[in-house]
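# Results of the structural survey
What follows is the residue order along each chain.
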Amino acid sequence: MSATGIGAAVRRKEDLRFITGKGQYTDDVSRPGQAHIYFVRSPHAHARIKRIDTKTAAGMPGVVGIVTGAEFAESKLGNLICGWTVLSKDGSPMKMAPHPALAVGKACHVGDPVAVVVADTLAQAKDAAEKINVDYEILPAVVDPTKAAGKGAPLIHDAAPNNTIYNWHIGDHDATAAAFRGAKHVTKLEFVNNRLVPNAMEPRAALAEYDAGTQHLTLWNATQNPHVARLVISAFVGIAPENKLRVIAPDVGGGFGSKIFIYPEEVVCLWAARQFNRPVKWTAERSESFISDAHGRDHVTTAELALDADHKITGLKVKTVANLGAYMSTFSSAVPTFLYATLLSGQYAIPHIYAEVDAVYTNTVPVDAYRGAGRPEATFVVERLVEAAARELDLDPADLRKKNFVKTFPYQTAVASLYDAGDYNASLQKALQIHDYKGFGKRKRESEKNGKIRGIGFATYIEACGVAPSSLVGQLGAGVGLWESAEVRVNPTGSVELLTGCHAHGQGHETTFAQLVAERLGIGIDQVNVVHGDTDKVQFGMGTYGSRSGAVGMSAIVKALDKVEAKAKKIAAHLLEAAEGDIVFKDGKFTVAGTDRSVAWGELALAAYVAHKFPTGEIEPGLKETAFYDPTNFTFPAGCHICEVEIDPETGVTSVVGWTAVDDFGTVINPMIVEGQVHGGVAQGVGQALLEHTVYNDSGQLVSGSYMDYAMPRADNLPSLKVDMTVTKCPSNPLGIKGCGEAGAIAAPAAVMNAITNALGTEKIDMPATPAAVWSTIQQLNKTRLAAE
Amino acid sequence: MYAFTYHRATGLRHAANLLEKLEDPKILAGGQTLLPTMKQRLASPTNLIDLDKVEGMSEITAAGRSVTIGALTRHNDVHKSPIVQQAIPALAYLAGLIGDPAVRHRGTIGGSVANNDPNADYPAACLALGATIVTNKRKIAADEFFKGLFETALEPNEIITKITFPVPKKAGYYKFRNQASRFALVGVFVAKRPSEIRVAVTGAGSSGVFRVPSFEEALKKRFSPKSLEGLTIPADGMASDIHGSAEYRAHLVNVCARRAVAAADEKTPAE
């Protein structure tokens, strides 16, 4: 391993500019003559728009134009789409209702944009917006997913009777039913996987500019996948042909999934830029983000686990209602199905699984992928069940897990996933040892002396990363195969521009991708410049989400580097007057095997461009190669997290007092960055379990619509984390990478709730386990105990 | 934010004059509540009178058995003041719990007291310590000052200039934070004064800061957390929201009071 190569904990190259305020985010970009756009949003969850009076507003100072939903609809642009078709049990396609960028006729959630004001300044746009009079007829709203399909619930979209988008299922119903009939023990739990508001540090933003001369549109956009944004906006919405639309995703300050999707705001900005022939900028305010960024999770689930007399798991039954909100966001259909139910086998050999998922519309903000996307929900189901089963059977939860782990690979699960490699026992064992699991009893007694209740919980999670093999996801209804691209452009001096279709918004690609290239070519990482996020510069790519950039994006880079090396060897053979097969490339030098004749990387690069006396029939001048990599399978990172909590029974406060994470991410490029990803993921998972409470009242108002009421995790909500790794290489990609971006957020909620329920001695508490919720649970338990005495 | 006219007061009298004559005026001290509220267009004063450059209003002095803190004193300066730390350590401790470092370096004691946010910390300290709120016109006892949610005894043209705190024999504060805002969900300030014991509660009440006579009685017999064990206050009159029911808040008042008494008994309160 070199000092900066694969496996080296190199400091992030990009951090200097970020932490010194030199980053360039969308809102930092300004264009001459720029106007500002303000979105008038529905204050009601469900309301007919009877009339919009814009007359007074139109005469306000600075107003460039005002457009209502109905007026925008006259442009005949396409609706926003959900790109992944899910079929119901009966084979019928999902009921996708139209999602216009601006609501027409009625608003379906608080925050649904109904009109826009474009003005010289933002303040002027806001002033004018206040003078727009929208005459709403308030309709009854439904926010609870378990009531959405029920009798008496208001119908949100005509296209979806009973507000039901699909009734999907996976697995073998009859075989699973039989497994339960033959079970010795059944553990049944009901839980809510709480809705989360993403809250990336940089709010979403868009700046659109139209060049009337060339009829080109340019969009600066805080997005995780500029190329897909361009494709959807061009091919489905129909704003402009792809060759007339450039999407630039400059520095992006966090996404966590929420910036994957194609939203109304960027579409309207593009349209308005051309309509008014002015650059148009929009940057969300935080309170606007709360009601317009796609939310995450929001499942209500009943699940049962069957075990035989030998404590082997024989079956799993799951019934989930997934709330997709008022409209289907870009990937929303896939999250509670293919990204959720296919992971319900967890790390266990479960012969029979049957899962049903009903997706419903409600009068809430749309729900889509959020860090982990379906896999935290699946892990929560499986890991809470296994832990509860161990308690009911009076077994050590670690032992019950070991007994049921998948031990031989490849392993075909009952829910489509084919696990390729792993050693679940190894990560569990290592975690037990690092955590001092044996010492828990002693620590618990010490806590008791201080009036505290200590609990411990596990999450031996699995996830599927590296989205996505086109052949597999195509069969599953994906509208697009999620391969990745890379272009390695060698400059005449030997430095390199690496163009990737991935996009970094916190992941550190400028460092890790450079580490790979530097190691392969024997150059310094400072000689590698990673270029991403601009459709005019970079070949088509799929962006970054689902922990895919290492496994898929770097595999594409490897392929491109292979091509570069192959061509470079040809050139070396020419320069050294040797046979191509005799050229060895090592440590930045091309050598004729068995001789001291060599040419250094830099000399070779120069020669490639000077092309002196090249046999141009065999070797073209230049050194630049492009590759596209389509994975053959998902990757399956897995690991064991142990959480230890201490509860203050007087106040209900849960303190996370210990955390051990042992993850198997396959090959690790930069352990420091990977550890950071684990830290961030765990923090988000702890946030979901303890703090983040998205509350809608019955009329559909988001009660927790600001940081005054919505608690994000802070540093002091977490202890020092013990992070370690085990490694089994992923066999399906050349580097053996599995992916690490979501693991913490996937493992943590289950680990925390297993620890809390262990401490309290009841399974009946939902996330977030706020102090008030824990205190109420303790009061309830005390009452029950008193009644029993 | 709506447009407004900004006035920089050069002295207290200037500020008072502006306050008298301008239409729809508002005093700006540290601005940690006012400015965010204006940004959200929830407040729209026509005229903003900035006290920032007014001199002589951010001093902390000790005289006899009292400590006087100028109204423009930043929370961080109260927190770090050797005078306050020595005379009323619980008050210095409380100031260090307000908001975050940015808020503590801008926000002022006068602004906080004048705003009387039902979840703010200072009102509990003022009420428990029997503070006197001094304005450009008069002196107001804390008992008479806090009138409900965001309401005080201040007249429209009155400006707080300083607050005088009698030094207690001992005092303690315990804050149970709202996890999101980190304001006090419940905060209890307990003061053992030469003549009486006071227990003041912020955060919990549906009409702002209040005292708990039954707790005060019990502590008079013996100033110990044990004296409060088993005592309850009714959930009636407690606030109730997504962060906690009225019952939970009523329960926390007792927990926080006991912890505040325990803190008062410690030689040096926790940082």
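The shown structure was predicted, so the numbers you read here are calculated from the model rather than taken from an experiment.

Another aspect to go through is the sheet that holds strand β24 (residues 598–600) of chain A. Residues and elements named next belong to chain A. Within the open sheet, the 3 strands sit side by side as β22-β23-β24. Their pairing is antiparallel. One side of each edge strand has no neighbouring strand; the edge strands of this open sheet are β22 (583–586) and β24. Averaged over all pairs of adjacent strands, the angle between their axes in this sheet comes to 20 degrees, without regard to strand direction. Relative to β24, strand β23 (residues 589–592) is paired through 3 bridges, and the arrangement is antiparallel. Across the sheet, F590 pairs through a bridge with V599, a residue of β24. Along the sheet, helix α17 (residues 601–610) contacts β22, β23 and β24; its crossing angle with β24, the most-contacted strand, is approximately 80 degrees.

Quick look at the nonpolar core now. I37, I239, L344, W659 and I756 of chain A are the most contacted members of the largest nonpolar core, which has 186 residues in total. With 12 residues, the single largest contributor to this core is helix α19 (residues 743–760) of chain A. Here this core spans two domains, and each of domain 1 (18–139 + 204–283) and domain 2 (299–467 + 633–788) of chain A adds at least three residues to it. By size, the runner-up hydrophobic cluster in this structure holds 56 residues, among which are M57, V78, A95 and A142 of chain B.

All names here are of chain A. Once the domains are mapped, chain A shows domain 1 (18–139 + 204–283), domain 2 (299–467 + 633–788) and domain 3 (484–629). Using C-alpha coordinates to define each centre, domain 2 is positioned 41 Å away from domain 3. Between domain 2 and domain 3, the residue contacts involve 20 residues of the former and 18 residues of the latter. Regarding the contact of domain 2 and domain 3, the summed buried area is about 1,300 Å², with carbon and sulfur atoms giving 64% of it. Area buried by domain 2 at its contact with domain 3 is led by V467, I669 and L735, which between them contribute 35% of it. Viewed at the interface, domain 3 and domain 2 are joined by 0 salt bridges. In this structure, the connection of domain 2 to domain 3 is made through 7 residue pairs in polar contact (both at pLDDT 80 or more).

According to the stated counting rule, one finds 25 aromatic pairs over all chains in the structure shown. Taking the centre distance of 5.9 Å and the plane angle of 50 degrees together, the rings of W483 of chain A and F540 of chain A count as tilted. Pair noted here: W483 of chain A is in the loop between α14 (470–475) and β19 (484–490) and F540 of chain A is in the loop between β21 (528–531) and α16 (549–575), with a separation of 57 residues, a long-range link. Positioned above the aromatic ring of Y263 of chain A is the side chain of R204 of chain A, whose terminal nitrogen or guanidinium carbon lies 3.5 Å from the ring centre. Against the face of Y2 of chain B rests R41 of chain B, its NZ or CZ located 4.3 Å from the ring centre.

Moving on, we get to the domain arrangement of chain B. Residue and element names in this part refer to chain B. Considered domain by domain, chain B is made up of domain 1 (5–50) and domain 2 (60–265). Once you take the C-alpha centre of each, domain 1 and domain 2 turn out to be 26 Å apart. Each side of the interface is counted separately: domain 1 has 10 residues, and domain 2 has 16 residues. Taking both partners together, domain 1 and domain 2 bury about 890 Å²; carbon and sulfur atoms supply 68% of that area. By the criterion of area lost to domain 2, the three top residues of domain 1 are L12, L19 and Q32, representing 45% of everything that side buries.

So, how was this worked out
Each chain has its residues counted from 1, running along the sequence as written. The lettering of chains begins at A and the numbering of ligands begins at 1, in the order of writing. Totals for whole chains, interfaces and linings use all residues, but because this is a predicted model, local features are given only for residues with pLDDT of at least 70 and pairs of side-chain atoms are given and counted only at 80 or more. The side-chain figures draw on all heavy atoms in the structure; neither hydrogens nor water molecules are used. A pair of strands is considered paired only if DSSP assigns at least 2 bridges between the two. In this text, helices come from DSSP runs of H or I with a minimum length of four residues, and strands from runs of E with a minimum of two, each type numbered from the N-terminal end. For helices, the axis comes from a line fit to the C-alpha atoms of the stretch in contact; other axes are also lines fit to C-alpha atoms, and the angle between any two N-to-C directions lies between 0 and 180 degrees. Every residue pair with non-hydrogen atoms within 4.5 Å of one another is taken to be in contact. To form a nonpolar core, buried Ala, Val, Leu, Ile, Met, Phe, Trp, Tyr and Cys residues must be joined to one another through side-chain atoms within 4.5 Å. When a residue's accessible area, from a 1.4 Å probe over protein chains only, is under 20% of the maximum for its type it is buried; when over 50% it is exposed; and in between it is partly exposed. Each domain's limits were defined by an automated method or a database of domain assignments. Once two parts are joined, some of their accessible surface, as seen by a 1.4 Å probe, is lost; buried area is that loss totalled over both. Salt bridges are identified by distance alone: a Lys or Arg side-chain nitrogen within 4 Å of an Asp or Glu carboxyl oxygen. Pairs of N or O atoms within 3.5 Å make up the polar contacts considered here, provided that, within protein, one atom can donate a hydrogen while the other can accept it, and that residues adjacent in sequence are counted only when both atoms are side-chain atoms. Stacked, tilted and edge-to-face are the three classes applied to pairs of Phe, Tyr and Trp rings, where Trp contributes its six-membered ring and a pair requires centres within 6.5 Å; stacked means planes under 30 degrees apart, edge-to-face means over 60, and tilted covers the rest. We call a charge positioned over a ring when the NZ of a Lys or the CZ of an Arg lies within 6 Å of the ring centre and within 35 degrees of the ring normal.

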